[in-house]
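Structural features, examined
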Amino acid sequence: MPDFAEGVPCWVDCALPDAAAGRRFYGALFGWTFREPPGAGESTAYVGAHPVAGLYRKPDGRLPTTWTVHFATPDARRLLARVLAAGGTGVSGPQAIGELGVRALAADPGGAVFGLWQPGTDKGFRELTAPGSYAWSEVRTRDSAAVDPFYEHVFRYVGYDVPGVSGERLWSPEGSGPGVDTAVLGRAVLDAAEVPAELPAHVLVQFRVADCGRAVEAALRLGGRLRRGPSETAYGMFAELADDQGAVFGVVAV
């Protein structure tokens with residue numbers, strides 16, 4: 001698999017109160033196995049021989065229990081400066097993770113948090129098609145007027161508004177044509193009438209599954225919660241779940 005272009009999701013990880021419990025939950029749900037690379041500070045989840053995600057214990061209980069998507073960049077410091085200049089905020093870093101790479105966390109103008117990853121020896125995902133691998137991320141915001149120009153400036157995305165789908169926009173990398181076939185990230189507007197005001201803007205990370213209904217049943221047996229769905233979408237059967245510690249994620253049978 002080639003390296004990722006700037007602005008393309010290249011990794012996801014999850015901050016949990018109990019990382020061992022997280023390994024049990026996701027290992028049973030997705031069939032992941034785990035290793036702990038030296039210096040990484042997190043367990044790496046594998047589908048077969050390929051890394052697909054990371055789990056780590058939150059260093060501070062006040063931090064959110066959440067999945068975070070990371071966007072590739074050849075220079076995390078330079079890209080973080082562009083984030084700040086465009087109205088985003090820095091959360092942490094840039095920080096070198098040994099020889100693995102450089103990591104930074106930031107938030108868009110609506111408050112949704114994302115990561116930046118400058119690869120060293122760790123290039124990111126090495127499987128993107130098998131069940132249990134990363135499928136998609138969607139920025140969920142209440143302020144698309146501020147968020148859309150932010151992402152399109154910072155990552156130089158080209159945008160595409162999905163016909164007939166209220167409030168959904170797709171972003172494709174610079175130099176590619178806009179549309180479903182080239183998109184690497186989505187954006188949805190949170191409906192004030194349906195979404196509680198206390199729910200912050202966020203990025204929903206989604207994983208591939210062979211059967212959405214069975215994945216939901218398995219998550220519930222493991223102590224997770226169903227938040228939405230399963231429902232048929234243009235991209236496959238989808239459900240939104242929370243794990244047994246509260247981290248929210250999606251599953252989609254593409």
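We now turn to the structure provided with this report.

Calculation rules
Numbers given to residues run from 1 along each chain, matching the order in which its sequence is written. Note on the predicted model: pLDDT of at least 70 is required for a residue's local features to be given, and 80 or more for side-chain atom pairs to be given and counted; whole-chain, interface and lining totals, by contrast, use all residues. Note that the side-chain values use all heavy atoms of the structure and ignore hydrogens as well as water. Comment: elements are numbered from the N terminus, with helices defined as DSSP H or I runs of at least four residues and strands as E runs of at least two. The globule rule used here is 2.2 Å times the number of residues to the 0.38 power, and the radius of gyration it is set against is calculated over C-alpha atoms. Each residue's exposure class comes from its accessible area (1.4 Å probe, protein chains only) as a fraction of the maximum for that residue type: buried when under 20%, exposed when over 50%, partly exposed otherwise. Working rule for contacts: check all heavy atoms of both residues, and any pair within 4.5 Å makes them a contact. Only the protein chains shown count as cover for residues, and all accessible areas are computed by the Shrake-Rupley method using a 1.4 Å probe. When charges are tallied, Lys and Arg are placed among the positive residues and Asp and Glu among the negative ones, while His and the ends of the chain are skipped. By convention, the point assigned to a charge is CZ for Arg, NZ for Lys, CD for Glu and CG for Asp. Any two strands with at least two DSSP-identified bridges between them are counted as paired. Angular values range over 0 to 180 degrees, each being the angle between N-to-C directions of two axes fitted as lines to C-alpha atoms, with helices fitted over their stretch in contact. Think of it as the arc spanned by the lines of direction from the helix axis to the C-beta atoms. The working definition used for a salt bridge is a side-chain nitrogen of Lys or Arg within 4 Å of a carboxyl oxygen of Asp or Glu.

**Comments concerning the overall build of the chain**
When helices and strands are counted, the chain shows 4 helices and 16 strands. What you see for the chain is a C-alpha radius of gyration of 17 Å, in line with the 18 Å of a compact globule of 254 residues. Its C-alpha atoms give the chain principal-axis dimensions of about 45 × 40 × 35 Å. Taken over 254 residues, the chain has a buried fraction of 50%. The contacts in the chain between residues at least 6 apart in sequence include a share of 60% that link residues at least 24 apart. Roughly 11500 Å² of accessible area belongs to the chain as shown, and the carbon and sulfur atoms make up 53% of that amount. Taking the average place of the 23 positive charges on the side chains of the chain and the average place of its 29 negative ones, the gap between the two points comes to 4 Å.

**Overview of the sheet that holds strand β5 (residues 66–72)**
Strand order across the open sheet formed by 8 strands is β2-β3-β4-β1-β5-β8-β7-β6, with mixed pairing between neighbours. The two strands at the open ends of the sheet, each matched to only one other strand, are β2 (33–35) and β6 (89–97). Direction aside, neighbouring strands of the sheet carry axes that sit 30 degrees apart on average. In this structure, strand β7 (residues 101–107) lies alongside strand β8 (residues 113–119), joined through 7 bridges in antiparallel fashion. Note that in β8 the partner of A106 across the bridge is F114.

**Re helix α2 (residues 76–85)**
Among all positions in α2, only A76, L79, L80, R82 and V83 are buried. One face of α2 carries all of its buried residues, which in axial projection span an arc of 155 degrees. For α2, the exposed residues lying more than 90 degrees away from the buried face are R77 and A85. The elements touched by buried residues of α2 are β6, β7, β8 and α3 (144–154). Trailing α2 by a residue or two, G87 shows a phi angle of about 105 degrees, which is positive.

**Quick word on the pattern of salt bridges**
All told, the structure shown has 12 salt bridges when counted by the stated rule. In this structure, the salt-bridge partner of D148 is R169, at a minimum N-O distance of 4.0 Å. Separated by 21 residues along the polypeptide, D148 in helix α3 and R169 in strand β11 (residues 169–172) bring together distant segments of the chain. As far as burial versus exposure is concerned, D148 and R169 are alike and both buried. A salt bridge links R187 to D148; the nearest nitrogen and oxygen atoms lie 2.7 Å apart. Of this pair, R187 sits in strand β12 (residues 185–189) while D148 sits in helix α3, and the two are 39 residues apart along the sequence. Classification of D148 by relative accessible area gives buried; the value is 12%. Within the structure, one salt-bridge network assembled from shared partners comprises E138, R140, R227, R228 and E240.

**Comments concerning the pairing of β8**
With 3 bridges connecting them, β5 and β8 associate as parallel partners. What sits directly across from A72, in β8, is W117. Adjacent in sequence and paired antiparallel, β7 and β8 are bridged by 5 residues, among which G111 carries a positive phi angle near 105 degrees.

**A few points about the sheet that holds strand β13 (residues 202–208)**
The sheet built from 8 strands is open, its strands ordered β10-β11-β12-β9-β13-β16-β15-β14 with mixed pairing. Among the strands making up the open sheet, the edge pair consists of β10 (158–161) and β14 (225–233). Across the sheet, the mean angle separating the axes of adjacent strands is 25 degrees when strand polarity is ignored. Examined bridge by bridge, β14 and strand β15 (residues 236–242) share 6 bridges and lie antiparallel to one another.

**Looking at helix α4 (residues 212–221)**
Within α4 the residues assigned to the buried category are C212, A215, V216, A218 and A219. Seen along its axis, α4 keeps its buried residues to an arc of 165 degrees; they face one direction. Across α4 from its buried face, at more than 90 degrees, point the exposed residues R214 and R221. Of the surrounding elements, those touching the buried residues of α4 are α1 (19–30), β14, β15 and β16 (248–253). Following α4 by one or two positions, G223 adopts a phi angle in the positive range, close to 100 degrees.

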